[in-house]
Amino acid sequence: MKLFRDIGDFLETLSFIDIVFFFAVLILIILIVTLIYFIKINKDDEGEKENNETAEMKIVKEIRENMKNDDVVINFTDYEKDQEEKAIISYDELLNKSNKYGLNYEKEDIYDDLSVKKVDLDNLVNKNSEIKVNSDVRVISFAKEEAFLEALKRLQKELG
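Quick notes on the rules
Residues numbered from 1 in each chain as written. Predicted model: local features only at pLDDT ≥ 70, side-chain atom pairs only at ≥ 80, totals over all residues. Heavy atoms only, no water. Helix = DSSP H or I, 4+ residues; strand = E, 2+ residues; numbered from the N terminus. Buried < 20%, exposed > 50% of the residue type's maximum accessible area, 1.4 Å probe, protein only. Contact = heavy atoms within 4.5 Å. Phe/Tyr/Trp six-rings, centres within 6.5 Å; stacked < 30°, edge-to-face > 60°. Lys NZ or Arg CZ within 6 Å of the ring centre and 35° of its normal. Salt bridge = Lys/Arg side-chain N within 4 Å of Asp/Glu carboxyl O. Pairing = 2+ DSSP bridges. pLDDT = per-residue confidence, 0-100. Patch = residues over 30% accessible without salt bridge, like charges linked within 9 Å, V, L, I, M, F, W, Y side chains within 5 Å. Areas by Shrake-Rupley, 256 points an atom, 1.4 Å probe, with all protein chains shown as cover.

Right, let's talk about the overall build of the chain for a bit. Within the chain one finds six helices and five strands. Ordered by position in the sequence, the α and β elements of the chain form the string α-α-α-α-α-β-β-β-β-β-α. Residues counted as buried form 2% of the 160 residues belonging to the chain. Counting contacts in the chain only where the partners sit at least 6 residues apart, residues at least 24 apart contribute 17% of the total.

Structure, rendered in structure tokens:
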């Protein structure tokens, strides 16, 4: 019982700052021990991850090892060579290969970092001859189109 009385006397002599400091040091020690524990667990998990490779990881590893060998030769057929030469990989290549016409823009709007341009399809310019291209091409006249539509309607009635 004297032990408890001595502990009580000791605590009564401590000021509020001393008690706060004591608990702060105690919490700090607990946090450091917890941090060391988590570091140890993570190191153990990394070791297990290296030992437990998935099937996909093994395949990737084999491919990397095989790619280190420069002896790999792929023989293309003539058709495959032709397709490889004609292949369009990027949007820029597409524009450069098939860009017969220049675009005229009616207006350009800028939203933050995005530029939006309205294309004037009536004023396309041929890059080779600088001739204005007429994009309004009519295959058949309206009268022929109406007659064709009427014939299709009659055919649908007869079949249906």
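Summed over all chains, the structure comprises two aromatic pairs. Residues Phe22 and Phe23 carry aromatic rings whose centres are separated by 5.5 Å and whose planes lie at 70° to one another, so their mutual orientation is edge-to-face. Look at Tyr37 and Phe38: their rings are 6.0 Å apart centre to centre, the planes differ by 55°, and that puts the pair in the tilted class. Residue classification places Phe38 among the partly exposed residues on the basis of a relative accessible area of 47%. Positioned above the aromatic ring of Tyr105 is the side chain of Lys117, whose terminal nitrogen or guanidinium carbon lies 4.8 Å from the ring centre.

A few words now on the pattern of salt bridges. For the structure on display, the rule yields two salt bridges. Between Asp109 and Lys107 there is a salt bridge, with the nearest N and O atoms lying 4.0 Å from each other. You can call Asp109 partly exposed: its relative accessible area is 26%. For Lys107, a relative accessible area of 48% puts it in the partly exposed group.

Below, the discussion takes up unusual backbone geometry. Despite not being glycine, Asp112 has its phi angle at roughly 55°, a positive value. Looking at where Asp112 falls in the secondary structure, it is placed in the loop between strand E2 (105-111) and strand E3 (114-119).

Moving on, we come to the pairing of E3. Two faces, one strand: in a regular strand the side chains alternate between the faces of the sheet. Here E2 pairs with E3 via six bridges, running antiparallel. Bridge pairing in E3 links Glu108 to Lys117. The antiparallel pairing of E2 with E3 creates a hairpin that spans two residues between the two strands, and Asp112 there sits at a positive phi of about 55°.

In this section: the confidence of the model for the chain. Looking at the chain as a whole, the pLDDT averages 80, with 76% of positions reaching at least 70. The secondary structure element of the chain with the lowest average pLDDT is strand E5 (residues 132-133), at 52, and the one with the highest is helix H1 (residues 2-13), at 89.

Turning to a nonpolar patch on the surface, a few remarks are in order. A cluster of nonpolar side chains, Met1, Leu3, Phe4, Ile7, Phe10 and Leu11, forms an exposed patch at the surface whose accessible area comes to about 740 Å². Tracing the sequence through the fold places Met1 in the segment before H1.

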